[in-house]
Amino acid sequence: MERTLILDCNDKVGEIVTIYGWIQTRRDHGKILFLDVLDRTGLIQVVVSQDTHLRGVSKVTSSAHLGGEISPQDVVCIIGKVNKRPTNLVNKNIPTGEIEISAESIEILSKASELPFDMGGPTLNLELPTLLDWRTLSLRHPKIKAIFKVQEALLSSFRQVCQKLGCTEVVVPTIAASSTEGGAEVFRIEYFEHKAFLTQSPQLYKQMLVPVFERVFTITKAYRAEPSVTTRHLAEVTQMDCEFGFTSFDELMDIYESIAISMVEHVQNSSKLYLKEYGAEEIVYNKIPRLTLREAQEVILKEYGRDNKKEKDLTPQDEQDLCKWAKKKHNSDFITVTHFPTAAKPFYTMPDPKNSEYSLSYDLLFKGIEILSGSQRINDYQQLVESIKSHGMDPKDFEMYLMAFKYGMPPEGGFSFGLERMIMQILGLANIREAALFPRDMERVDIRLNVNIKNKK
RNA sequence: GGGGCCGUAGUGAACCGGUCAUCACGUCUCCCUGUCACGGAGAAGAUAGCGGGUUCGAUUCCCGUCGGCCCCGCCA
């Protein structure tokens, strides 16, 4: 018989259906047994009675009456009749709460071993290392899975908005011949007989593609070998990058602010249930305030009493306080900070023509941390060569990159959203590692690097 | 790199200078036809991360070590 998806059972009352999925929980009442069965569309209650046939069950223990062999995470095929529940037994908390399946037969297609922790509850109450040590299992939990449904919503809305803006989606290399951009530490890799590097961002490639497509976007991995052990840093991050030709500094800010708002809007509309599971507050986004770094630091001094006016960047505490201030004063969960010191920015950042000490750069802060950064770029070939030199690098290492500028590069700029950080902030996750399916950090590449956990059960 | 905190059954937690090391979930056995994180009765499961010290006595206090979490720094 054809498979019926669990959520579709709502339209099949009175019919015999075949569902496939995983056992989430079992509630045994002796002569009646309830199973919660989960597939990709949702959860449904299956009622097992004495008339239910069990197939693929190796033994029936004396004690085990109904479905004694069935345990959490078993993969099952269940044939049964969809019944409307009596009104007093309706469960309003689930989308299939008005129906249930009366099982005629249950077949175990794949038996699950005993679980290392209880997965039946509404939340997985695990320490982060345990959560990650058992990643393929913990990801199955509906609440954990929800994180990545939100991720999917963000990715697809980003893609959609960029397409509307006339951007061409591109895929760029993550292996580069030189550690070009300076700044962050890079991963060196063996490349045949040579040394190569994992890219810290798609930056240079997306710029090279501006004279080709004018507007491009890419969703890609970026690698940072910073020895940063914090709740908001990963060694491998997912970036959502855009680069636009024929734009101005102000226009760029208009664009990314509108993209950010579209993404948030989309997530709030499409992922209501997931957001609710996390108790995520509604995101507010009126007109997003824009401050220069120095203005922002002025706010920090006035409102929070910390004098960081000589710093080249905001501190993590500054970012948090500034966001609080933006919410209070401007009713916005976003705030843009502009004009970071030119000296603190990469070589391709355009200095402000009015005061070259500061640059035409911007960061977008969201609920306490930076989720985007970018700038107007230097598009003049000579100026770019000079900038590379003044950053202590050799233009020869940028031959292909510079070629793009030598032969006609329009005024251009771009920005990059950090996917994991956005997810973390939207859902209020405590640690960015929760926002990555398989997070890489200094101490972990799937398994912990320092420890032999093979002996684990 | 600097600082703070933590390490107790499979999981999550509690307690304590002398106990039989406690509880919840999970597991196992039994009871239960309406639960939905079902309920009830019982059982198994921990040489308290490891090493050393203090003490009559250490899981508890101290030191080291390994591991973890958090903050700062670093960080497009």
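Only a predicted model underlies this, so the values are computations on that prediction, with no experimental measurement involved. Here the residue numbers are simple positions, counted from 1 along each chain's written sequence. Labels follow written order: the first chain is A, the first ligand is 1, and so on. Totals for whole chains, interfaces and linings use every residue, but because this is a predicted model, local features are given only for residues with pLDDT of at least 70 and side-chain atom pairs only at 80 or more, for both listing and counting.

## Brief notes about the overall build of chain A
In terms of regular secondary structure, chain A is built from twelve helices and 22 strands. Along the first, second and third principal axes, the C-alpha set of chain A runs to 85 × 55 × 40 Å. Residues are called buried when their C-beta atom has 20 or more other C-beta atoms within 10 Å, exposed when it has 12 or fewer, and partly exposed otherwise; all C-beta atoms are positioned from the backbone. Counting every position in chain A, which comprises 457 residues, the buried fraction comes to 38%. Residues are treated as contacting if the C-beta atoms built from their backbones sit within 7 Å of each other. Taking as baseline every contact in chain A between residues at least 6 positions apart, the subset at least 24 positions apart corresponds to 65%. Here a strand is any run of E in DSSP of at least two residues, a helix any run of H or I of at least four, and the numbering for each starts at the N terminus.

## Regarding the sheet that holds strand E12 (residues 236-245)
If DSSP finds at least two bridges between two strands, the strands pair. Taken in spatial order, the eight strands line up as E7-E11-E12-E19-E18-E17-E14-E13 in an open sheet, and their pairing is mixed. Where the open sheet ends on each side, the last strands, each with one partner, are strand E7 (168-169) and strand E13 (290-292).

## Things to note about helix H3 (residues 142-164)
Along an α-helix, residues three or four positions apart point the same way, because every turn accommodates 3.6 residues. One less than the number of residues in a helix, times 1.5 Å, gives the span that helix is expected to have. In a regular helix each residue adds 1.5 Å, so 23 residues correspond to 33 Å; H3 covers 32 Å between its end C-alpha atoms and thus fits that length. Of all the residues in H3, the buried ones are Ile147, Val150, Gln151, Ala153, Leu154, Phe158, Val161 and Cys162. Against strand E11 (215-223), E12, helix H6 (249-270), helix H7 (272-277) and helix H12 (419-427) lie the buried residues of H3. In the stretch just after H3, Gly166 is the one whose phi turns positive, near 85 degrees.

## What to know about the packing of H3 against H6
Axis lines are fitted through C-alpha atoms, for helices just across the contact stretch, and the angle between N-to-C directions can take any value from 0 to 180 degrees. Between H3 and H6, the least distance of the axes is 9 Å, while the angle of their chain directions is 135 degrees. Judged by the inter-axis angle, H3 sits oblique to H6. As H3 runs across H6, the sense of the crossing is right-handed. Along the contact surface, H3 presents Val150, Ala153, Leu154, Ser157, Phe158 and Val161, while H6 presents Ile259, Ser262, Met263, His266, Val267 and Ser270. Any angle between 65 and 115 degrees counts as roughly perpendicular, while under 35 counts as roughly parallel, over 145 as roughly antiparallel, and the rest as oblique. Crossings are classed by handedness, with left-handed meaning an anticlockwise turn of the near helix from the far one by less than a right angle and right-handed meaning a clockwise turn.

## Things to note about the packing of H3 against H12
Relative orientation of the contacting elements H3 and H12 amounts to 120 degrees, with a least axis distance of 10 Å. The angle between H3 and H12 places the two elements in the oblique class. The chirality of how H3 crosses H12 is right-handed. When H3 is examined against H12, the residues Ile147, Val150, Gln151 and Leu154 are found in contact with a partner set consisting of Leu419, Met422, Ile423, Ile426 and Leu427. Each residue is assigned to one class: nonpolar for Ala, Val, Leu, Ile, Met, Phe, Trp, Tyr, Cys and Pro, charged for Asp, Glu, Lys and Arg, and polar for all the others, Gly among them. Its residues placed into classes, the contact of H3 with H12 shows eight nonpolar, one polar and no charged.

## Details of the domain arrangement of chain A
Each domain span listed reflects an automatic or database assignment of domains. What the domain assignment lists for chain A is domain 1 (6-110) and domain 2 (137-448). Between domain 1 and domain 2, the C-alpha centre-to-centre distance is 46 Å.

## Observations concerning the sheet that holds strand E21 (residues 444-445)
With antiparallel pairing, the three strands of this open sheet are ordered in space as E20-E21-E22. Lying at the two open borders of the sheet, with one neighbouring strand each, are strand E20 (440-441) and strand E22 (447-448). Two strands pair when backbone bridges link them, and E20 and E21 are joined in this way by two bridges, in the antiparallel orientation. Bridge pairing links Arg440 to Val445 in E21.

## What to know about the pairing of strand E6 (residues 99-110)
Remember that side chains alternate between the two faces of the sheet whenever the strand is regular. Both strand E3 (residues 42-48) and E6 contribute to a ladder of two bridges, which runs parallel. The residue bridging Val47 from the neighbouring strand is Ser102, located in E6. Direction of pairing for strand E4 (residues 53-55) relative to E6: parallel, over a ladder of three bridges. Note that in E6 the partner of His53 across the bridge is Ser105. Pairing of strand E5 (residues 75-84) with E6, which is carried by ten bridges, proceeds in the antiparallel orientation. Residue Gly80 lies in a different strand from E6, and its bridge partner there is Ala103.

## Quick word on the environment of Tyr256
The residue Tyr256 is located in helix H6 in this model. Since 23 C-beta atoms lie within 10 Å of it, Tyr256 is described here as buried. Expressed as a C-alpha distance, the spacing of Tyr256 and Asn125, which sit 131 residues apart in the sequence, is 37 Å.

## With respect to unusual backbone geometry
Positive phi is not limited to glycine here, since Phe192 has a value of about 50 degrees. Mapped onto the elements, Phe192 comes out in the loop between strand E9 (188-191) and strand E10 (194-198). Here Phe246, not a glycine, exhibits a phi torsion of approximately 55 degrees, which is positive. Along the chain, Phe246 falls in the loop between E12 and H6.

## Observations regarding the environment of Asp241
Relative to the helices and strands, Asp241 is located in strand E12. The spacing of Asp241 and Glu127 is 114 residues in sequence and 33 Å in space, taken between C-alpha atoms. Excluding residues within four positions of it along the chain, Asp241 makes contact with Pro202, Lys206, Phe217, Thr218, Thr220, Gly414 and Ser416.

## Overview of helix H9 (residues 316-330)
Given a rise of 1.5 Å per residue, 15 residues ought to cover 21 Å, and the 21 Å separating the end C-alpha atoms of H9 matches this to within 8%. Within the sequence span of H9, burial applies to Asp318, Glu319, Asp321, Leu322, Cys323 and Ala326. Residues of H9 that are buried make contact with helix H8 (293-304), strand E14 (334-338), strand E17 (361-366) and strand E18 (369-376). Downstream of H9 by a residue or two, Asn331 has a phi angle that is positive, lying close to 50 degrees.

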